[in-house]
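Structural characterization, general
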Amino acid sequence: MEEEITIKVKKLTKSFNGNKVLDELDLDIKKGETLGILGKSGIGKSVLLKHLIGLMKPDSGQIYIGAIDIAPLKEEDISVIRRMLFGMLFQTAALLNSLTVAENVALPLKEGTNLPEEKIRQKVKEKLAMVGLKDIEDQMPDSLSGGMRRRVGLARALVMDPQIILYDEPTSGLDPIIANSINQLILDVKELTGATSIVVTHDLNCINRIADRVGLLYDGKILEINEKEKFMKSENPYVQQFIHGRIEGPIKIG
Ligand SMILES: Nc1ncnc2c1ncn2[C@@H]1O[C@H](COP(=O)(O)OP(=O)(O)OP(=O)(O)O)[C@@H](O)[C@H]1O
Ligand SMILES: [Mg+2]
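Residues numbered from 1 in each chain as written. Chains lettered and ligands numbered in written order. Predicted model: local features only at pLDDT ≥ 70, side-chain atom pairs only at ≥ 80, totals over all residues.

1. Brief notes about the overall build of the protein chain
Counted only if it meets this: Secondary structure elements are defined from DSSP: runs of H or I of at least 4 residues count as helices, runs of E of at least 2 residues count as strands, and each element is numbered from the N terminus. Every radius of gyration here is taken over C-alpha atoms, with the globule rule written as 2.2 Å times N^0.38, N being the number of residues. Whether a residue is buried, exposed or partly exposed is read from the other C-beta atoms within 10 Å of its own C-beta, which are placed from the backbone; 20 or more gives buried, 12 or fewer gives exposed, and intermediate counts give partly exposed. In this description, a residue-residue contact is defined by the distance between C-beta atoms placed from the backbone, which must lie within 7 Å.
What the protein chain contains, in helices and strands, is nine helices and 10 strands. Over its C-alpha trace the protein chain gives a radius of gyration of 18 Å, about what one expects of a compact globule, namely 18 Å for 254 residues. With the C-alpha coordinates of the protein chain rotated into their principal frame, the extents come out at 55 × 45 × 40 Å. Looking at the protein chain residue by residue over its 254 residues, the buried ones come to 40%. For the protein chain, contacts bridging at least 24 residues in sequence account for 66% of all contacts bridging at least 6.

Take a look at the structure:
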């Protein structure tokens, strides 16, 4: 039986100033899975996620979200799809420092719905509780720890009840214990919502804990992709080098 696919990327190509970051990249993402994408710093992980959510336009290629290719769509149409389907936890949580925690989490609801204030307040509270935070609605992001900022960012990503959640380096810069609490949260959110999740990271521990399948991004392409256990045992020299952190090997350093 063919498995249902929510996202299909075909020959996605993107260059910046002559530097080809994504080079005819193909990727299928299955409904309900947690797909981890590994790759070294600067290889194009964030660029890939930004294409999936329509924040970047490809030079060429297709990005099917369900049956719709978003690549040629106008920003106003993409933004509707983005709001309806996607939640994204950005690499640095990307909270607005001039707004309170509650205002940050409420932002997608204010911009994308006509819900009354009371309903918005209720949803914000519900999502903050989902990420294990309470009674911090009126605090400013500056006063929060890195782990708490990540949680608030996740609450904001969840506030529109997305079917697809994108996580950009959800654990980077956090100590191992806080990082694992975020990993656990990603698992809990999946359990609660059934959303399809895509996690890009260079944190192997994160991948080990949360991913169903794993892909390696290198040289503009998904070089290898497989179920996690098979991926970790892959004999592909690029995969081997990456997961063992070897200095010697086919992956160029720098
Ligand atoms: N808006 C942009 N304009 C120009 N170049 C960009 C832009 N965004 C990304 N790049 C370039 O694309 C490449 C890939 O960047 P990207 O941020 O996707 O890397 P990454 O894999 O997410 O790295 P990290 O692990 O450090 O987050 C880099 O060379 C970066 O300089
Ligand atoms: Mg990045």
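Following the structure, the description resumes.
2. Digging into the site of ligand 1
The condition is simple: Proximity of a residue to a molecule or strand is defined by its backbone-placed C-beta atom lying within 6 Å of that partner.
Close to ligand 1 lie 13 residues; Phe-16, Ser-41, Lys-45, Ser-46 and Val-47 are nearest. Considering every element that reaches the shell around ligand 1, the biggest residue donor is helix α1 (residues 45-52), with three residues.

3. Focus on the environment of Asn-208
As for its position among the elements, Asn-208 is in helix α7 (residues 204-210). Along the chain, Asn-208 and Phe-242 lie 34 residues apart, while their C-alpha atoms are 14 Å from each other.

4. Structural notes on the sheet that holds strand β9 (residues 213-218)
Test applied: Strand pairing is assigned whenever DSSP detects at least two bridges linking the two strands. Working convention: axes come from line fits to C-alpha atoms, limited for helices to the stretch in contact. Angles between N-to-C directions cover 0 to 180 degrees.
Across the sheet, which stays open at both edges, the six strands sit in the order β6-β7-β8-β3-β9-β10 with mixed pairing between neighbours. Both outer strands of the open sheet, β6 (86-89) and β10 (221-227), are each paired with one neighbouring strand and no more. In this sheet, adjacent strand axes meet at a mean angle of 15° when their direction is disregarded. Against the sheet, helix α5 (residues 146-158) contacts β6 and β7 (164-168), and its axis sits at roughly 170° relative to β6.

5. Some words on unusual backbone geometry
It is generally the case that most residues other than glycine have a negative phi and that most peptide bonds are trans. In this structure, Lys-11 is a non-glycine residue whose phi angle is positive, near 50°. Checked against the element boundaries, Lys-11 lands in strand β1 (residues 5-16). Judged by the 13 C-beta atoms lying within 10 Å of it, Lys-11 is partly exposed. The backbone of Asn-17 sits at a positive phi, close to 50°, despite the residue not being glycine. On the secondary structure map, Asn-17 appears in the loop between β1 and β2 (19-30).

6. Here we look at the environment of Pro-162
Looking at the element boundaries, Pro-162 is found in the loop between α5 and β7. A tally of 21 C-beta atoms within 10 Å means that Pro-162 is categorised as buried. In sequence terms Pro-162 and Leu-115 are 47 residues apart; their C-alpha atoms lie 17 Å from each other. Residues in contact with Pro-162, not counting those within four places in the same chain, are Leu-85, Phe-86, Gly-87, Ala-157 and Ala-195.

7. Details of the pairing of β9
By the criterion of burial, β9 is predominantly enclosed, with five of the six residues buried. Where strand β3 (residues 34-38) meets β9, four bridges bridge the pair, whose relative direction is parallel. The residue bridging Leu-35 from the neighbouring strand is Arg-213, located in β9. Where β9 meets β10, six bridges bridge the pair, whose relative direction is antiparallel. Directly across from Arg-213, in β10, lies its bridge partner Glu-227. The turn joining β9 and β10, which pair antiparallel and follow one another in sequence, is formed by two residues; a positive phi near 55° is taken by Asp-219.

8. Overview of the environment of Ile-63
Looking at the element boundaries, Ile-63 is found in strand β4 (residues 60-65). Judged by C-beta crowding, with 23 C-beta atoms within 10 Å, Ile-63 ranks as buried. Those residues in contact with Ile-63 that lie beyond four places of it in its chain are Val-9, Leu-12, His-51, Leu-52, Pro-58, Asp-69, Ile-70 and Ala-71.

9. Details of the nonpolar core
Convention followed: Put simply, a nonpolar core is buried Ala, Val, Leu, Ile, Met, Phe, Trp, Tyr and Cys residues tied into one set by C-beta atoms within 7 Å.
With 67 residues, the main nonpolar core has Val-105, Ala-155, Leu-166, Ile-198 and Val-199 as its most contacted residues. Non-local contacts of Leu-166, meaning those with residues more than four positions away in its chain, are made with Leu-49, Leu-52, Ile-53, Phe-86, Met-88 and Ile-198.

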